[in-house]
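# An overview of the molecular structure
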Amino acid sequence: MVAQGVYGHRGSYLADKWNKIDIIVTCGEMLDSIVFAFGIRLGVGHALKPMRLISRIQSLRDLVSILLDTLPMLGNVLILYMFVIHIFGVIGVQLWGGELHNRCFLGEDILTKYNLSLSRYFVSAPGERGPFLCSSEDLNGKRRCSDVPPYQERGKVCTLPAPPANKPGNWAVSAASGDCVNWNRYYNICRPGGPNPNMGAINFDDIGHAWIAIFQVVTLEGWTDILYYVMDTHSVWSLVLFILITIMGSFILMNTCAVVIATHFSEAMIKVSGDVCRSSTPLKVLCCKMITSLYYRMSAMLPSSNCHRRGNASLFGFWPPMRERLKVHVEGNFFTRGIMLSILLNIITMAIDHHGQPWELTLALEVCDIFFSIIFAMEMILKLLVYRKMYFAERGNLFDFAIVMISVWEVVSNSDGRLSVVRTFRVLRFGRLVHFLPYLKRQLMVLLRTMAEASTLCWLMLFYVFIFGVMGMHLFGCKFVYISQDGDPAEDRKNFDSLLWSMVTVFQVLTQEDWNMVLYNAMASTSPWAALYFVAIIMIGKNVLLNVLVGIVVESFQSQPTIIPTDNTCRPSSTLNLEDGATTSPHNNPTNRAGEVSAPTQTNWSDACLNWIQRVLRWCKERDNWAFYLLPPENKFRRFCQELICHKMFDSAIMIFILLSCITIALERPDISPDSMERWILDILSYLLTFVFFVEMFVKVMARGLIFGRNSYCQSSWNILDGTLVITSSIHICFIIVTSGKTQMLSILKVLRLLRALRPLRMIKRTPKLKLAVEALIASVKPMGNIVLICGVFFFFFGILGVQLFKGKFFHCVGEDVSNIVNKSDCLAANLRWVRKEYNFDNLLQALVSLFVMYSKDGWVNLMYDGLDAVGVDEQPIRNYNQWMLIFFIFFMVMSFFLLDMFIGVMVETFHQCQQTQKHGDDEIGRRIQPLQNNQNTHVINYLHYSKVRRIIHKVCSSKSLDIFISAIIIINVFMMAFEHHDEPKYVTKLAEYTHYGFTLIMITEVVLKIIAFGIIEFVKDSWNLLDITIVIISISSILLSIIEMVHLLPFNPSILRVCRVLRLAQVLKAKKIRVLLKTIIKTLSQVGNICLLFMFFFFIFAALGVELFGNLQCTPDYQCLGIHRHSNFRDFPMALFTLYKVCTGDNWSGILKDTMRECRPDDLECVSYLYWVSPIFFSCFVVVAQFVLANLVVAAIMQALHESSEKQEEKSEMAAHRC
């Protein structure tokens, strides 16, 4: 300040915004010192100290400057986001306020009457997080007090009623009958009185807690738990509202936030000189210095050419030609392919390594490892002899050199194998094959470019995690202590007790995995205001910083040149076209010419055979247009079939039968009795529909031919799909008839029955919008397949690495007391069970399943804890035994961010290309229609003939003051509704009621004045005015229903209809950027139709498959479910749809996968063994399609809509400026 001056000129201290950050940090430190004198320890300045480092590093300063430039547009998104949360929060308070207090209380004075120590209300377990909530008689909840489970005594279920009070005795287990009294049957009164779930954190008693609950629902973590509470206490129809919240809040608004950040960041990267992400970072400079130093050191160790000259002359003369020969061999294809083959074989040997393998296989793998180490060492030596010091100029060779030296050192020194995991990096050498795959090479270059440009962002994220980690230590350090079931205090693993675990917990909250559990502990240990800390982490870290990575990926895709395919994949194969004599088949003219040349040397038998083949081919060519070479085009039956399929009612009738088939599939359930009428009706309908579809295929084949011909049946891939489904359905019926009463063909019948779930595929061809969406999705298969291949290599590498690190270590002892258990022998000696955890790394397949679960960011925290606790093979885990394993799991999660955003980049690029093609077609149509539109005369309304009073009213209604006044009234009304809460005083209820009457009167007056000013016809033409009329009608209806006391007849509280008034704000928002966002969201919703069709289509197929596969799964004490719930299962089709939607949102889908991957026990005769490997395939395919493809298609649609809305807004601004 002394040197530059404080304020007043360009070079002053406060003119630099980074100096202002230093002032904030200094003020925070001074505040800490002041309050510390009074015994209060804040730690604000201590947490903000790292922010000073940002202003000292130029690349971080540039990145933060770009982020600050996006704040205005991002602020508009957050305003809309807050309004959505507030609206749904008000609805939650009106609908569910106080209902989560409901518990089942004792209907009689059992405690005094029988002198028992029971709880006042039913408690399933001490310290329960998910309590037993009930629904009162006036509501339609799913749980009643009659559903309370029976009382258990000494592990036995009790069934006896309570004896008379005057009868003495012990009411526990009766010695005579072996039974006991079911005291839980007397918990039969449902009323409020218990605490709210999750230690009081989740409720809708007031607007603050409602905001927290809605925000958790929008983040899609634990939202189904809140839904289950509401469904149990209020109504099952609450599901509709929660799905609307997830769609609007998460899939639309959160993705809009991501698109705004990504779009503006990409534009800023182009505009700003000196690209942010390409600037050198300290880590990059350090790595370059290390590589340069290693290069010069190794160069000094190798002999130079001068040394050779001073050496033996004969050796000097012999070596150069030998070196040239070696160079030819080393650079030859044989040597390169041999090394690639060795790498492939080495990868295979590492892949087959697993836990519990025979010692012969272990010995063979060790020998193979030594053999491949020698091969790679020889490769290195030969390259060193050929290239000498230039060998170290390539980074790939440095990587190979390090791996070879570690492998050789391990083999020579007979080490204990701790560095054997480093050999896994040989898998990365297989990346050299990308030179032969141009599409894959392009995607890989985008990934590498993204990782290089995101280095500065990674540093910023590290500072961000560090700052919030320090803040978390000061706020919640050593406070996450709970009482275990044994009554002893225990610390939660997700804590802020040290800097390491505080940063790990912050990173966990960023990934949104189980962040709600951390929130519940924080609110219970401190105060509900702790939620602001977690909201800040998610909003700044997840919705801002991580979305910058999306912008980097999109910019990397746009900067890479597009590869134009050299082959026309849409061109039909010439071998199937028999009408062109030049390209009929390989047996046509070339064969004839060959026969003519070799005729003199062939026998008579060969000549006869060749002539017979020529006659057959000539006969086939003459009957090319015949159906099955039997029915000519003039045949009456064939002409009848052609006229039938060309009739306009034919496709409509087939569509009706397809819809009927879909309905029958939706009605299927595994628990339908084989002898029931329902089963008989469904079977008859299935046979009938199969017959109809078979007739359809037969008619089309008769009309067009089967294989050959231009318009034959098999020329269309959609017809091939139809025919395949019809044939499999026919085979299914034949098997049922043939194997009636037999059970040996049950597995084949099950497979054929599953294929019926694919019948909805026939709807694609007959639904134009769905067909267009599917074709656009198919267009992205090739680039998406490359991303999947990259992810596969990524999984393969980490899978092999995980097997090397953790194989055989994910076992643990299960029992009542395992505190003294050290290993497997102790566990079995104590008559306990030694169990393997569901997700493990015992072999490569198990490792890939575990990694895929982590990749989806669901359940990765528990996997990380299992890895940290792993001690050794057949040893009991110890908490945080090896914290260095954090590197494996954290690095995997960081890489998963890059690969997940690659899916977004591919979908954005593909969607943009499809939109450009569609826009080109729309422009041609628009040029044809535009002359007609220009000839139409616009109707201009003259207001001068109005009366004086009407002109005054018109002037008032057209002024901005009225819009501002109405906006203020609506905002005040919305905030007045926010003051309503559970158990509110009467004066608050009366105040809200009277203000509701007043606001309704004001809006009625506004509508009447506008009708007088503009006229009823002109007033109705504006869609916003229709919204005003709807809001007025809804407000009047709610008042009338309250006055005539008919509220109890409605399934909802009519007061929530007042929330619809907030929609009126959309009209009076005059900010251009907010209007652009509104138009973006509206346009996105209009485009979501095709995406919704795709979602419904895939959901239908997977739901039908899920009912067939997992419909019989039951939750029992022996098979305790972790994800399957009474509200989410596969017992029927509607429940399967909701379960798949839960999986689509990523909420505890790993628990559902665990429940479906049950290993069959010897005594379980009804267990289906193939579910153990079918279940991962089923859920992996669904997660890839739903979460990684279709969900990212919404992001692409929003990005395109935002781009078009911004262009139109700029055009309007330019036209307005031109008029001025």
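Read on for an overview of the structure. Treat the numbers as computed from the prediction; the structure is a model and nothing was measured.

Our next topic: the packing of helix 32 (residues 844–855) against helix 43 (residues 1149–1156). Axis separation between helix 32 and helix 43 bottoms out at 10 Å; the angle between their running directions is 155 degrees. Of the possible angle classes, the one that applies to helix 32 and helix 43 is roughly antiparallel. Seen from above, helix 32 lies across helix 43 with right-handed handedness. Contacts from Val-849, Phe-852 and Val-853 in helix 32 reach Trp-1149, Ser-1150 and Leu-1153 in helix 43. Considering only residue class, the contact of helix 32 with helix 43 consists of five nonpolar, one polar and no charged.

A few words on the packing of aromatic side chains. What the rule picks out here adds up to 55 aromatic pairs. The interplanar angle of 50 degrees and the centroid separation of 6.5 Å between the aromatic rings of Tyr-994 and Tyr-997 together place this pair among those described as tilted. Here Tyr-997 and Tyr-994 lie together in helix 37 (residues 986–1014), a separation of three residues that amounts to about one turn. Judged by relative accessible area, Tyr-994 falls into the exposed class, the value being 52%. What makes Tyr-997 partly exposed here is its relative accessible area of 28%. Sitting over the ring of Phe-105, Arg-191 keeps its end group 3.7 Å from the ring centre. The ring centre of Phe-897 lies 4.4 Å from the NZ or CZ of Lys-857, which sits over that ring.

Taken together, the side chains of Leu-341, Leu-344, Leu-345, Ile-348 and Ile-352 present a nonpolar region at the surface, about 400 Å² in accessible area. Looking at where Leu-345 falls in the secondary structure, it is placed in helix 13 (residues 333–351).

In this section: helix 33 (residues 860–869). Among the 10 residues in helix 33, nine count as buried, and that is most of the element. The complete set of buried residues in helix 33 reads Trp-860, Val-861, Leu-863, Met-864, Tyr-865, Asp-866, Gly-867, Leu-868 and Asp-869.

Within helix 35 (residues 948–957) the residues assigned to the buried category are Ile-953, His-954 and Cys-957. Angular distribution of buried residues about the axis of helix 35 spans 100 degrees; they occupy a single face of the element. Seen from the open side of helix 35, the exposed residues pointing more than 90 degrees away from its buried face are Lys-948 and Lys-955. Looking at the buried residues of helix 35, the elements they touch are helix 36 (960–978) and helix 37.

Analysis parameters
Residues numbered from 1 in each chain as written. Predicted model: local features only at pLDDT ≥ 70, side-chain atom pairs only at ≥ 80, totals over all residues. Heavy atoms only, no water. Axes fitted to C-alpha atoms, helices over the stretch in contact; angles between N-to-C directions. Helix = DSSP H or I, 4+ residues; strand = E, 2+ residues; numbered from the N terminus. Parallel < 35°, antiparallel > 145°, perpendicular 65-115°, else oblique. Left-handed = near helix turned anticlockwise from the far one by under 90°. Contact = heavy atoms within 4.5 Å. Nonpolar A, V, L, I, M, F, W, Y, C, P; charged D, E, K, R; others polar. Phe/Tyr/Trp six-rings, centres within 6.5 Å; stacked < 30°, edge-to-face > 60°. Buried < 20%, exposed > 50% of the residue type's maximum accessible area, 1.4 Å probe, protein only. Lys NZ or Arg CZ within 6 Å of the ring centre and 35° of its normal. Patch = residues over 30% accessible without salt bridge, like charges linked within 9 Å, V, L, I, M, F, W, Y side chains within 5 Å. Areas by Shrake-Rupley, 256 points an atom, 1.4 Å probe, with all protein chains shown as cover. Salt bridge = Lys/Arg side-chain N within 4 Å of Asp/Glu carboxyl O. Arc of directions from axis to C-beta.

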